[in-house]
Amino acid sequence: MGRAVASPVATSLPDPGRRALLRGRLHGPPPLRPPWALDEPRFVDACTGCGDCVTACPENVLHLGGGRLPEFDPGRGECTFCGDCASACAAPAFNSVSALPWTLRARVGEACLTARGIVCSSCRDACGEAAIRFPPTRAVPVPRIDADRCTGCGACVAGCPSAAISLAHAPREVADEA
Ligand code: SF4
Ligand code: SF4
Ligand code: SF4
């Protein structure tokens, strides 16, 4: 039996077929994009997949994902909103860094240890914005995200020992008020 020939590693920019595939997936939740990225359909069209934003990120929180399009992975660390990713992009794929970077906000899921009666406040310790509060209660205090203070930086995501925190886009009016 002949040896299977491995597929070549993708090194080229996204081709029209792959872009169409990505557009076809737009009905599902898109991956987290870098701060200041255009909205998903326009970002998919504008990004060339060069990876310059990924290389420019001093926090190493960006990587090239599906279709060689950059994704933000808060599991790698927090975004400091330095703007280097947007500045490094030669394509028209980013908004001005004077605009709101994104509408991401943290959410605490059911895996939170406090839901099982275990005392934990690691997320509060990780948050530099004081956006996570534990209102006093007779039982084990549970975390509450203050959407007005949360920047969606992602520092709490990696700081949670039970992977209970995710980032999701808040309604625009909530983000605009923050
Ligand atoms: S703003 Fe800075 S830290 Fe955040 S993703 Fe862009 S380069 Fe990385
Ligand atoms: S760090 Fe995670 S497990 Fe601990 S309180 Fe925060 S969300 Fe819950
Ligand atoms: S995403 Fe950042 S600002 Fe928001 S709660 Fe988590 S650590 Fe705090």
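For clarity, every value in this text was computed on a predicted model and none was experimentally measured.

(A) Structural context of the site of ligand 1. Taken together, 14 residues sit near ligand 1, with C57, C79, C82, G83 and C85 positioned nearest. Looking at the shell around ligand 1 residue by residue, the class counts come to 10 nonpolar, 2 polar and 2 charged.

(B) Representation of the UniProt feature "binding site: [4Fe-4S] cluster 3" (unreviewed entry) in the protein within the structure. The UniProt feature table records "binding site: [4Fe-4S] cluster 3" (unreviewed entry) at C150, C153, C156 and C160. In this structure, C153 sits in the loop between β5 (144-145) and α6 (155-159). Residue contacts for C153: discarding those within four places in its chain leaves F72, G77, E78, C79, F81 and W102. What makes C156 buried here is its relative accessible area of 7%. Apart from residues no more than four positions distant in its own chain, C156 is found in contact with A106, C123, A126, I132 and I165.

(C) Up close: unusual backbone geometry. The phi dihedral of A130 is positive, around 50 degrees, even though this residue is not glycine. On the secondary structure map, A130 appears in the loop between α5 (122-126) and β4 (132-133). Take A130: its relative accessible area is 45%, and that puts it in the partly exposed class. With phi around 50 degrees, A163 is a residue other than glycine that occupies positive phi space. Among the structural elements, A163 can be located in the loop between α6 and β6 (165-169). Since its relative accessible area comes to 64%, A163 is described here as exposed.

(D) The arrangement of the UniProt feature "binding site: [4Fe-4S] cluster 1" (unreviewed entry) in the protein in detail. Using the residue numbers shown here, the UniProt feature "binding site: [4Fe-4S] cluster 1" (unreviewed entry) corresponds to C47, C50, C53 and C57. Take C47: it is sitting in the loop between α2 (40-46) and α3 (52-56). For C47, a relative accessible area of 8% translates into the label buried. Relative to the elements of secondary structure, C50 occurs in the loop between α2 and α3. Look at C50 and you get partly exposed, because its relative accessible area is 39%.

Calculation criteria
- Residues numbered from 1 in each chain as written.
- Chains lettered and ligands numbered in written order.
- Predicted model: local features only at pLDDT ≥ 70, side-chain atom pairs only at ≥ 80, totals over all residues.
- Heavy atoms only, no water.
- Near = heavy atom within 4 Å.
- Nonpolar A, V, L, I, M, F, W, Y, C, P; charged D, E, K, R; others polar.
- UniProt positions renumbered as here; feature names shortened; annotations may be inferred.
- Helix = DSSP H or I, 4+ residues; strand = E, 2+ residues; numbered from the N terminus.
- Contact = heavy atoms within 4.5 Å.
- Buried < 20%, exposed > 50% of the residue type's maximum accessible area, 1.4 Å probe, protein only.

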